[in-house]
Amino acid sequence: MTFYHYENEGWIWGLGNPLPVFLALFSISALFLGSCSKVGGGLKFLGEKPIGRIKGQCGENLGGKYGLKLRDRVFSIVGADFDRDGLEDIVVAGPWFLKFFRNLGGKFQEKGHWDWSVYCNVKLKAGDIDGDGDTDLVVGTFLGLDEKTIRRLGFHPPGDLVWFNPLKEKGESGAFSGLIYSLGSGNSSTRDLDLGDIDGDGDLDLVELKREKKGYEVLILFNNGKGRFVKRHSVLNLGGNPINCIELGDADNDGDLDLFLGVDGPNILFLNKGDGRFTPAERKKWPSGEENTLSLATGDLDGDGMEDIVEGNGFPAGENRIYLFRRGRLLPFPSRVKSLVWDDTNYILLRNLDGKSGLEIVVLNHQGGRNFFPPSRVLFNDGKGFFLESITIPVIDNPYCATAIDVDNDGRLDLVIGGERGLDVCINKNGKSFKRIR
């Protein structure tokens, strides 16, 4: 087992003590706090007490033209304006670390990092969780080991965390020096997560896909408006197939968020009753086939004001699929893509990259060892949901995640892609081509 230490970088401090003490706090806090029991006549909230305070600065950036040079494996990226200066920053998570890169306007600087003591897969989501106007972070971790094994090996898993951003003034540089609350169980089993207003009360709730001994389950965690979560009900009939990903989106155009599940088999849709209670949808609502769906992305692809969905399917399921909302359900429209190809797709991203109307589809494909699959590429939208043009984007062999932000401060969205060999930056040159910067 190798533990990373970053040379010439200051260790992050928690509660006035060095990082080892901070990690020890996590081993104490790695207990599942969720319950539907009542305490003092009210619901018991998850993460009632903070488990630490994190603060750190790493000084100079790590090099590279834009300061985003990173050679460690990257599992998740999120871009958002964390310091309220009008520029999108980046948080990157890998098997041993989480790093915050602040956008200085055409250049990035690493302003903080946090290391944990065990290899784990990580998922990130960002949003204003506590309603104070700045952007917070949710960190979900997955070890793939049961709690007894984790403890026997002496690991200190970070669990699932809510990290509150304490910024009070625009442009403040000390982003993410706030309190951290633990939400997760000791076995750190979160495969995927998403944020959205599930119960229609105006705040961001949290949905987590968990892998447990008995199989898979989805936790629905409701926000009280101040960043405290409660688990009211969580058991959904998920079937027996492995579940790879989840996505919130309006599948029936009724104004609330429904729940899509990407499955190694027929995908599953749960419809929201409007208050966060979900019921299984009929198969005809989303007639997904026998896919191995590793990524889902929702958005209005054809400009009709209603949400559509794209499946990113891994080998050997077949080609990726587009479903457009029509007549009260999501219907497949394969003819809207120039050529149907069999992909081995890890990740799908929907963003407007060419400055015209419509969302482009970024397809990140596995390229290591199975080179007969197409490379990663961008499919360009004509504004009506037809994708008749595409270009290849030269990225790392096995990309896992991506975000679209303006890296070089020229007004166009670029791509920052993370994967097996670190970060790749693909600069948007003219809306129709991307140049890879290492």
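Analysis parameters
Residues numbered from 1 in each chain as written. Predicted model: local features only at pLDDT ≥ 70, side-chain atom pairs only at ≥ 80, totals over all residues. Heavy atoms only, no water. Salt bridge = Lys/Arg side-chain N within 4 Å of Asp/Glu carboxyl O. Helix = DSSP H or I, 4+ residues; strand = E, 2+ residues; numbered from the N terminus. Buried < 20%, exposed > 50% of the residue type's maximum accessible area, 1.4 Å probe, protein only. Pairing = 2+ DSSP bridges. Lys, Arg positive; Asp, Glu negative; His and termini not counted. Polar contact = N/O pair within 3.5 Å; in protein donor to acceptor, adjacent residues only side chain to side chain. Contact = heavy atoms within 4.5 Å. Phe/Tyr/Trp six-rings, centres within 6.5 Å; stacked < 30°, edge-to-face > 60°. Axes fitted to C-alpha atoms, helices over the stretch in contact; angles between N-to-C directions.

Student: Help me get a handle on the pattern of salt bridges, residues and values and all.
Tutor: Under the criterion given, the structure shown has 15 salt bridges. For Lys99, the salt bridge goes to Glu110, with nearest N and O atoms at 3.3 Å. In this pair, Lys99 is assigned in strand E7 (residues 97-103) and Glu110 in strand E8 (residues 108-115), connecting sequence segments eleven residues apart. Classification of Lys99 by relative accessible area gives buried; the value is 0%. For Glu110, a relative accessible area of 0% puts it in the buried group. Across the salt bridge formed by Asp194 and Lys125, the nearest N and O atoms sit 3.7 Å from each other. You can see Asp194 sitting in strand E13 (residues 190-196) and its partner Lys125 sitting in strand E9 (residues 121-127), a full 69 residues away along the chain. By relative accessible area, Asp194 is classed as buried at 8%.

Student: Quick rundown of the pairing of strand E26 (residues 360-365)? Include the residues and the values.
Tutor: Of all six residues in E26, six are buried; the element is thus mostly enclosed. Of the two faces of E26, the one holding Glu360, Val362 and Leu364 and the one holding Ile361, Val363 and Asn365 are both buried throughout. Two strands pair when backbone bridges link them, and strand E25 (residues 345-351) and E26 are joined in this way by six bridges, in the antiparallel orientation. Following the sheet pairing, Tyr347 is matched in E26 by Leu364. Pairing of E26 with strand E27 (residues 377-380) involves three bridges; the strand directions are antiparallel. For Val363, the partnering residue across the bridge sits in E27 and is Arg377.

Student: For the side chain of Asp354, give the residues involved together with the corresponding values.
Tutor: Examined against the element boundaries, Asp354 turns out to sit in the loop between E25 and E26. It turns out Asp354 is buried and unbridged, and the closest side chain with the opposite charge, Lys432, is 4.2 Å from it. Here the side chain of Asp354 touches Lys356 through a polar contact of 3.0 Å, landing on its backbone nitrogen. Not counting chain neighbours up to four residues away, the residues in contact with Asp354 comprise Glu360, Phe380, Asn381, Gly431 and Lys432.

Student: An account of the packing of aromatic side chains is needed here, citing residue identities and associated values.
Tutor: Under the counting rule described, the total for this entry stands at six aromatic pairs. When the centroid spacing of 5.1 Å and the interplanar angle of 85° are considered together, the rings of Phe260 and Trp286 count as edge-to-face. Of this pair, Phe260 sits in strand E18 (residues 258-266) while Trp286 sits in the loop between strand E20 (278-280) and strand E21 (290-299), placing them 26 residues apart in sequence. With relative accessibility at 1%, the residue Phe260 sits in the buried group. Put simply, the rings of Phe75, Trp96, Tyr119 and Tyr400 pair up and form one aromatic cluster.

Student: Which residues make up the sheet that holds strand E28 (residues 389-392), and what are the values?
Tutor: Taken in spatial order, the four strands of this open sheet run E25-E26-E27-E28, and their pairing is antiparallel. If you trace the sheet from one side to the other, it starts and ends with E25 and E28, each paired once. Strand after strand, the sheet turns through a mean of 20° between neighbouring axes, direction not considered. By the bridge criterion, four bridges tie E27 to E28 in an arrangement that is antiparallel. Bridge pairing in E28 places Val378 opposite Ile391.

Student: Explain the environment of Tyr216 to me, and be specific about the residues and the numbers.
Tutor: You can see Tyr216 is positioned in strand E15 (residues 215-223). Here the alpha-carbon distance between Tyr216 and Gly240, two residues 24 residues apart in the chain, equals 8.2 Å. Excluding residues within four positions of it along the chain, Tyr216 makes contact with Arg191, Leu209, Lys210, Arg211, Leu238, Asn241, Pro242 and Ile243.

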